[in-house]
Each structure stands twice: as C-alpha cells, then as structure tokens.
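# A look at the structure
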Amino acid sequence: MLYVSTRGKADIVSSAYAISRGLAADGGLFVPQQLPSLRPEDIEEFSRLPYTELATEILSLYLTDYTKDEVRSAVTAAYRPQKFGGARPAPLVQAAPHTGVLELWHGPTCAFKDMALQLLPHLLNMARKKLGQEQKVAILVATSGDTGKAALEGFADVEGTEIIVFYPAEGVSLLQKRQMETQKGSNVHVFGIRGNFDDAQRGVKQLFGDRSLAETLNERGYVLSSANSINWGRLVPQIVYYFSAYAQAVLAGQVKQGRPVNFAVPTGNFGDILAGYYAKLMGLPIARLLCASNSNNVLTDFIDTGIYDKKRDFYRTMSPSMDILVSSNLERLLFDACGRNGEQVTGYMEKLAAGGSYQIEREILQQIRRHFFAAWVDEVETEETIDKVKSEHAYLLDTHTAVAWRALEKYRILTDDTTYSIVLSTASPYKFPDSVLRALGEDTEPQADPFALLKKLEEASGTAAPAKLAALRELPVLHKEVIDAQGMEEAVLNVLR
Ligand SMILES: *Cc1c(COP(=O)(O)O)cnc(C)c1O
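The rules behind these values
- Position numbers for residues start from 1 in each chain and track the written sequence from start to end.
- Given that this is a predicted model, residues contribute local features only at a pLDDT of at least 70 and side-chain atom pairs are listed and counted only at 80 or more, while totals for whole chains, interfaces and linings are drawn from all residues.
- Only hydrogens and water are set aside when side-chain values are computed; all heavy atoms of the structure are taken into account.
- The helix count covers DSSP runs of H or I at least four residues long, the strand count covers runs of E at least two residues long, and both are numbered beginning at the N terminus.
- Throughout, exposure labels follow a simple rule: accessible area from a 1.4 Å probe, protein chains only, divided by the maximum for the residue type, with under 20% read as buried, over 50% as exposed, and the rest as partly exposed.
- Proximity is defined per residue: any heavy atom of the residue falling within 4 Å of a molecule or strand makes that residue near it.
- Here a polar contact is recorded for every N or O atom pair within 3.5 Å, except that within protein the pair must consist of a potential hydrogen donor and a potential acceptor, and residues adjacent in sequence are included only if both atoms are side-chain atoms.
- Every accessible area reported is derived by Shrake-Rupley at a probe size of 1.4 Å, with residue values counting cover from the shown protein chains alone.
- Put simply, Ala, Val, Leu, Ile, Met, Phe, Trp, Tyr, Cys and Pro go in the nonpolar bin, Asp, Glu, Lys and Arg in the charged bin, and everything else, Gly too, in the polar bin.
- When DSSP locates at least two bridges between a pair of strands, those strands are taken to pair.
- To obtain each axis, a line is fitted to C-alpha atoms, and for helices this fit is confined to the stretch in contact; angles are then taken between N-to-C directions over 0 to 180 degrees.
- In this analysis, two residues are considered to be in contact whenever any of their non-hydrogen atoms come within 4.5 Å of each other.

What follows deals with unusual backbone geometry. Note: most residues except glycine have negative phi, and most peptide bonds are trans. At Cys 110, a position not held by glycine, the phi torsion is positive, near 65°. Tracing the backbone through its elements, the reader meets Cys 110 in the loop between strand E4 (99-103) and helix H6 (113-117). According to the relative accessible area criterion, Cys 110 is buried, its value standing at 1%. For Asp 416, which is not glycine, the phi torsion reads 60° and is therefore positive. Here Asp 416 shows up in the loop between helix H19 (399-415) and strand E14 (421-425). Residue class for Asp 416 comes out exposed when judged on its relative accessible area of 66%.

So this is what it looks like as structure tokens:
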C-alpha cells in the first residue's frame, strides 16, 4: 500500500515515510492510494478476535512496509491492559434502546486521543529505523489541553524520542494542568506559556518553519516532528475501533451480522469520523455517519450547504476539544469525494487560505451526503442531555459525548430511523467535572479544587472517578517552568543539547 498527497503534487511514498513526515511536501495530507476492501466473511471473523489481533489485521492492510510481527508488537505495547484498564481498550456499553456507547477513554489520560497516541510513537520509531534515519525525533506539541497530555503519555520513555509540550499556563483546566505538571519520563519536557493557546501554537509553527533551527538541531542529531492529527499514524489506529464496535454490537445481540449501524461522532478536526468513513469504504456495514458539532458549527453548515466558511464568531464551549473552525482532516474527505483530484482540492484550500471560504460542487456535496448527516448542539442542549441521560438511563456522559448523543436524537426525530446507533464517547465525564456537575444541577465555584470536584461528581452521580485522575493529587509536580512565548526556541535548544 502506497500513499499519495491530497494536493496531488508530491511523490508517492511508503507508509513509514508518510508517518515519519506527517505532512506531504506539497502541503497536502497523505492518504492511501486505494482503500483495502474486506469481504463480509472477513468482518464476521473479526468478532472472534481480541482487540490487539483485530488491530494487527486491519493495520497490516495499511502498513504493508511493516511486517505483521512489527505491527503486532507495536499494538501489543500500545494497548497493554495495565494502560487501558482491562482487556478491552474500547468497550461498547448498551446505554439505551437501539443505542450503544463506545467508550474510547479508558487509556492513560481518560480521553480518546490515547487510542492513537499510544500507538503512534511505536509506529514512528519503527518508521525511523526502516528509513535508516539516524537522528532522534523531537516531537513539538502546542496544546489546549487533551492532546498535550496524551502525547506526553504516548512518548514518555520511548527510545529515540524527546517530547516537548507547550501549553497556555492560564488557559487549561486545573486538572489538565496537573496532568501535565506531573508527567514522568526521562525524555519529557513541559513548559507553560505566558499567553493563550494561539500564542503557543504560533510559536510551535514558527519553530517548524525555522531553517536555521533545523540545521542546528540536525547537527546535534535531532529532527523535529509533530504528533498532531493530520499524521496518518494518528488516523489509521482509529479505523480499528469501528470494526471492534460493530463486532461487539453483534456479539451483544443488538445487530444481526451484516446489517448496517449508524455512528454518531463528536467532531472537531474531523479525524475520528473520517476513520469511520474509511471503515465504511472498506466494507463495514455503516448506514450513516453523524457529524456532531457544538456551537462552532462550521461543519454542520458545510454538510448542509456545501459552503465551508470559517469567517464566523469563535465560541468557547464546555466541549473545548471541538472548538475548531478549520477542520484539517476534512481535506482527506474532499479528496475522495471529488474523485481523488488533487488539483481541485488545492483550489479549495487556496480559497480557504486567501478568502476564508470555499464552495464545493453539487455532485460532490451529494456524494458526501450519501454517507454523512450533520447536526449541531448548543450549550443548553448539551447540559440538558447530560442531565436527561443520567436520570433516564443512569449513564453519565461527558460534554463532548453529550453533543453526539443529542445530534443522534435530532437525526432520529428528523428521519424516524430506528437503526441501531453507536455514540462514540471521547472523554471520561471526570475530565470535565465542573461542567458535568453544573449540568446535573449542582453548584460549583469557578476555580474550585479539582479533586474536590471529582469527589462531588462521584457523590452526585454514584459512579467512581478513574483512578488515574484521582491519583494525580498525590503525584509530585515535576514541571513548573513558565516562559514567555518568545522564549520557546531557547527552551527547545536547552532541551535538545
Ligand atoms: C479531539 C477530541 C474530539 C474531536 O476529535 P476529532 O478527531 O478532532 O474530530 C472530540 N472529543 C474529545 C474529548 C477530544 O479530545
């Protein structure tokens, strides 16, 4: 399996190369030259496999320059039961009639980014060896919260790598801050930035574009790389859990083998839901993929009208990981929907960069709407949903998952579709205890002690906080340094000596 760029002007490359580079040379994203297709009997067979074997089978179809044993060893290291709290990294819970919830947050940071970021470092390291790269990889991350911690956990103590994370010192939740400050590992480096997330992100982008920094680091034996969600190595692990969810629904007697299901996905950068689209094209029986947005509803408008327009107000919502106006992975869907025409995709992306919007042709929109339905959910509806699902179904949703749940309800009201549907749950409710408590009608003080909030949520909901979050309280703070955004380059040079 080889990889091409969505802009059509870069060389065709191996999966190891695509993973080690992240972005294609023409500015596009790497996509497989053609998607592998599975027969119904292959998919039926999957329900008999443990998650790691299923992942080995599916990933091997895409990572053909890795041996099956290499893939198996990467997957086994990534999804160790000690890390994912049991043998099933992504359990499907029957939460309501015709409705399952796929819990993707049993990993070390209690958010779904672990599903990919636990695996990526292993794939990246193997890629480096295959390509004969002598240098160590230095991963730079700017984070508004979840990604930074998941990257730290994924890369901690992985040989041949250093990981450097920058976060806005006053711009993440207290729990998220504590998660990063306490990160262990001989190769991890964490800096708070005086400024907001955009300052941190701008700083990291500048460092990536700085030729003389690259040369200096090269002499010191390092090459910079990124762990963000446009890397193929982050996308491909996500395809696996769609197959796993389907197999679990069949085993639970909720779906007859071969019959279609829907998936509702809380969407930001369009990575998670795109993996579902690829699973569908591979042959998994999926009727509809429901793209759920919060008040930052640029994708809802796009799927409804064919016009992508980022010139709009930006809202800070209680589902912050979906507060995004430019969804990078959408480019991969566009490439597919317009018949893999790189020139056409380049045209859209140039319009977006220059004028902030583009419009796709009617036939292309129809193509997209055959697979996707979109809905958005405001803050009041999100709170109502958390409260209602708790009282009617005794199931506690986090704020992101609540958006997807409500989008599914909207879809059902509009279509009368009773197909079994799976809501992807992307975070533990305990990652956002203040918002969830407020939704349940409890008073919370802003800036309250996060561990007191965990306790309070335990009492209010009758559920238990993940041990990994509660344990943060006892862990020593290892990273206290706060720097100016202008000091990021110096910090990198100090770390990579
Ligand atoms: C990143 C994230 C999302 C959005 O996923 P995308 O792949 O960017 O669409 C949703 N929920 C949570 C909790 C996340 O961390």
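This next bit is on the site of the ligand. As a structural note, the neighbourhood of the ligand is formed by 15 residues, with Lys 113, Gly 268, Asn 269, Asp 272 and Thr 426 the closest of them. The contact in question runs from an oxygen atom of the ligand to an N or O atom on the backbone of Gly 268, over 2.8 Å. Isolated, the ligand exposes 390 Å² of accessible area, and the fraction of that covered by the protein chains is 97%. For the shell around the ligand, the class distribution of residues is 5 nonpolar, 7 polar and 3 charged.

Glancing now at the sheet that holds E14. With mixed pairing, the 6 strands of this open sheet are ordered in space as E3-E4-E14-E9-E10-E13. Two strands bound the open sheet, and with one partner strand each, they are strand E3 (92-96) and strand E13 (372-376). For this sheet, the mean inter-axis angle between neighbouring strands, taken without regard to orientation, is 25°. By the bridge criterion, 3 bridges tie strand E9 (residues 261-266) to E14 in an arrangement that is parallel. Across the sheet, the residue bridging to Ala 264 is Val 423, located in E14. On the sheet, helix H14 (residues 298-305) packs against strand E10 (286-293) and E13 and is oriented at approximately 135° with respect to E13.

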